[in-house]
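Chain by chain, the residues:
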Amino acid sequence: MMPGILVFVEQRDGKVKRVGLEALGAARRLIQKAGGEVGAVLIGDRIASEAKGLAAGGADKVYLAEAPELRLYSSEGYASILADVAKRIQPSLILMGATAMGKDLGPKLAAKLKGPFMGDCIGLEVGEGGVATATRPIYAGKLLSKLTSRQPTLQVATLRPNVFPVHPPDPAREPVIERVAPSVDLAKLGDKVKEVVATVGSKVELTEARIIVSGGRGLKAPENFKLVEELAEALGAAVGASRAAVDAGWKPHAYQVGLTGKTVSPVLYVACGISGAIQHQAGMSSSKYIVAINKDPNAPIFKIATYGIVGDIFEILPLLTEAVKKMTAEG
Ligand SMILES: Cc1cc2nc3c(=O)[nH]c(=O)nc-3n(C[C@H](O)[C@H](O)[C@H](O)COP(=O)(O)OP(=O)(O)OC[C@H]3O[C@@H](n4cnc5c(N)ncnc54)[C@H](O)[C@@H]3O)c2cc1C
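Throughout what follows, the structure given in this document is the object of discussion. (Residues numbered from 1 in each chain as written. Predicted model: local features only at pLDDT ≥ 70, side-chain atom pairs only at ≥ 80, totals over all residues. Heavy atoms only, no water.)

### Examining the layout of surface pockets
Thought 1: By volume, the second largest pocket is sized at about 400 Å³.
Thought 2: Glu-10, Arg-12, Lys-17, Ala-100 and Met-101 are the residues nearest the centre of the second largest pocket, which is lined by 21 residues in total.
Thought 3: Where the lining of the second largest pocket is concerned, the elements lending two or more residues are β2 (11-12) and α4 (100-113).
Thought 4: It is α4 that contributes the most residues to the lining of the second largest pocket, three residues altogether.
Thought 5: Counting contributing residues, the lining of the second largest pocket receives three or more from each of domain 1 (3-188) and domain 2 (206-329). (1 Å grid on protein atoms, 1.4 Å probe; cavity = no way out; pocket = protein on both sides within 12 Å on 5 of 7 lines; lining within 4 Å. Points joined across faces, edges and corners; volume = space filled by probe spheres on them. Helix = DSSP H or I, 4+ residues; strand = E, 2+ residues; numbered from the N terminus. Domains from an automatic or database assignment.)

### Regarding the pattern of salt bridges
Thought 1: Taken as a whole and judged by the stated rule, the model has 18 salt bridges.
Thought 2: Between Glu-22 and Arg-18 there is a salt bridge, with the nearest N and O atoms lying 2.9 Å from each other. Separated by four residues within a single helix, Glu-22 and Arg-18 lie in helix α1 (residues 18-34), roughly one turn from each other.
Thought 3: With a relative accessible area of 2%, Glu-22 lands in the buried category.
Thought 4: Given the relative accessible area of 37%, Arg-18 is considered partly exposed.
Thought 5: Between Asp-185 and Lys-188 there is a salt bridge, with the nearest N and O atoms lying 3.8 Å from each other.
Thought 6: Overall, Lys-188 belongs to the exposed group, its relative accessible area being 64%. (Salt bridge = Lys/Arg side-chain N within 4 Å of Asp/Glu carboxyl O. Buried < 20%, exposed > 50% of the residue type's maximum accessible area, 1.4 Å probe, protein only.)

As structure tokens, this is what we get:
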């Protein structure tokens, strides 16, 4: 049976990203209506060992493209491999994470396949005949739009990280692997990432982080960001910043969350000394749980916070960090 849904599973340094497993989870749920199988496409170098995890995570079949030239991203190389597989098996849907790579690859793949494109989805349904309807935030997150595609095949959608649940892993499932050879000459790729340079000191990529601790002007001085960083370290979180903190030169722009920064959707967002201006909210209001620490009880951030702490960050952050460290040590 041909796959009904194809998932591009992104890897970095040979390890599959969680967002790929989330896309597989979404595919498993949708396949009941779309019909057929879930196929996963894995592209990189020496990554075959990851195929088992994809089977456990919901893939019926893994299409594996391995070559040293594919270790790092090339939009031409990756899009042509995906397009070759998709043209052959004609899936209803092609899913991938709305990561930096997915945001580049998704539209290029849709253009190659002449299929509809739905970007940054936070909801996805398949209707009669396989036509997909996506829910997407628009106007800087102020509105949710519903977009229904016009054709039931080769629909390409990118899924916002941390929104779709992963499929409960089934380690007993064995992967069915088909090796695919790129039809393009890998020695002559038109574009290729040469090196991935970490610009943000945090160990976790901001846009995909499940927990983010962000600091704002309330921190008063750049050296006080260490209070935010210590809590982030204890929680295994990424560090973010408001524009006021970035404009003050306390953190580089890569840390900025908001309208003119990054859009994030973690499970937990901790806002420390951030007022919650509408432009900041535009980048983080879709977080599942928001904890705000602010000494002003009327700060707008409390209107969207799940839990609010009215108090001084200089007192509360060290206490929180200690409490988290203690809980972690106690298991
Ligand atoms: C076109 C445009 C685009 C923008 N894009 C963005 C964007 O992408 N991201 C963004 O963040 N902003 C953006 N802004 C700016 C935005 O409007 C706000 O100015 C900014 O978010 C404020 O940052 P802040 O909350 O850190 O600072 P402030 O608004 O100054 O808030 C600081 C907060 O810290 C609290 N505080 C102070 N001391 C303490 C303490 N000891 N303990 C606890 N709390 C304390 C205060 O009560 C206050 O609420 C944009 C603005 C415009 C016009």
